[in-house]
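# An overview of the molecular structure
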Amino acid sequence: MPSPFDLSGRRAIVTGANTGLGQAVAVALAEAGAGIVAVGRSAMDETGDLVRQAGAAFTEVQADLSSLEPVARIVERAAAGGRVDILVNNAGIIRRADAIDFTEQDWDDVMNVNLKSAFFLTQAVARGMLADGKGGKVINIASLLSFQGGIRIPSYTASKSGLAGLTRLLACEWAGRGINVNAIAPGYFVTNNTQALREDPERSAAILARIPAGTWGEPSDLGGAAVFLASKAADYVHGIVLPVDGGWLAR
């Protein structure tokens, strides 16, 4: 009997796959057997090498998701290689400033990438999943800020709270039509987005003191959750936001 976590024969679009969490998710899905369509703003040579080393097919699409311009192009390029079974909305940016000083530009930049483009790319991919009746899996990369407020990141908190809400809404609309929509909420991981925090000795120490596991997460720690939600093992899982946080929210 094949493993319920086996993704052989499946194809996944992963946004923000050029580095960090997106790269780790792409590699984990590839190791489980899925072909990867990697979307990113910059070249993804390293991601491509890692995916191919896992024995999976790799397609690269360079795209900037700060606007909706690339959405149709991403879907067209992905569909040229076969059916898309899995979508991982990982692309995201962050801007830091006190709420009293936060600018409209910083608000719009973050919301456009983290929420608007994620929704419309999901809509475009889901049209194909619904058209042939074979369903699919959508995994949104949310955040601890989907549950908490945080400080000095108003647009990021709003976008990730909104992404959790969209996850639930789309699950309600599409669960009965064979599409599973879920999210992963990473805790404090070693990524570009957390570099400023990790380089601040006081903030880093305070964060580590709150994490029961006692360490920052490594991007590879996210892979198992992604494979689970992308697999048949999660066929009856709809609308969840799964924390992968070293125990942060349990504290």
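Read on for a plain summary of the structure. Values in this document were obtained by computation on a predicted structure and should not be read as measured data.

So, about unusual backbone geometry. With the exception of glycine, the majority of residues adopt a negative phi angle, and the majority of peptide bonds are in the trans configuration. A positive phi angle, close to 65 degrees, is found at Arg-152, a residue other than glycine. Among the secondary structure elements, Arg-152 is positioned in the loop between strand S5 (136-141) and helix H5 (154-174).

Attention now moves to the side chain of Asp-85. For Asp-85, the position within the fold is in the loop between helix H3 (71-79) and strand S4 (86-89). In this structure the side chain of Asp-85 is engaged in a polar contact, spanning 2.9 Å, whose partner is the backbone nitrogen of Arg-11. At 2.8 Å, the side chain of Asp-85 forms a polar contact with the side chain of Arg-83. In contact with Asp-85, not counting residues within four places along its chain, are Gly-9, Arg-10, Arg-11, Met-129, Gly-136 and Lys-137.

Read across the sheet, seven strands follow the order S3-S2-S1-S4-S5-S6-S7 without closing on themselves; strand pairing throughout is parallel. The two strands at the open ends of the sheet, each matched to only one other strand, are strand S3 (58-62) and strand S7 (241-244). Sheet twist, expressed as the average angle between the axes of neighbouring strands with direction ignored, equals 20 degrees. On top of the sheet, H5 reaches S5, strand S6 (179-186) and S7; it is set at about 160 degrees to S6, its chief contact.

Take the packing of aromatic side chains next. A complete count under the given rule lists three aromatic pairs for this structure. A ring pair is formed by Phe-119 and Phe-120, whose centres lie 4.9 Å apart and whose planes are at 80 degrees; its orientation type is edge-to-face. Exposure remark for Phe-120: the relative accessible area of 30% places this residue in the partly exposed category. Plain terms: the ring middles of Tyr-188 and Trp-216 are 5.7 Å apart, the flat faces sit at 90 degrees to each other, and that makes the pair edge-to-face. Note that Tyr-188 is positioned in the loop between S6 and helix H6 (195-198) and Trp-216 in the loop between helix H7 (201-210) and helix H8 (223-230), a separation of 28 residues in sequence. Trp-216 shares its class with Tyr-188; the two are buried. Each member of the aromatic cluster is reached from another via a ring pair, and the members are Tyr-188, Trp-216 and Trp-248. Above the plane of the ring of Trp-248 lies Arg-210, whose end atom (NZ or CZ) is 4.3 Å from the centre.

Criteria and cut-off values
- Residues numbered from 1 in each chain as written.
- Predicted model: local features only at pLDDT ≥ 70, side-chain atom pairs only at ≥ 80, totals over all residues.
- Heavy atoms only, no water.
- Helix = DSSP H or I, 4+ residues; strand = E, 2+ residues; numbered from the N terminus.
- Polar contact = N/O pair within 3.5 Å; in protein donor to acceptor, adjacent residues only side chain to side chain.
- Contact = heavy atoms within 4.5 Å.
- Pairing = 2+ DSSP bridges.
- Axes fitted to C-alpha atoms, helices over the stretch in contact; angles between N-to-C directions.
- Phe/Tyr/Trp six-rings, centres within 6.5 Å; stacked < 30°, edge-to-face > 60°.
- Buried < 20%, exposed > 50% of the residue type's maximum accessible area, 1.4 Å probe, protein only.
- Lys NZ or Arg CZ within 6 Å of the ring centre and 35° of its normal.

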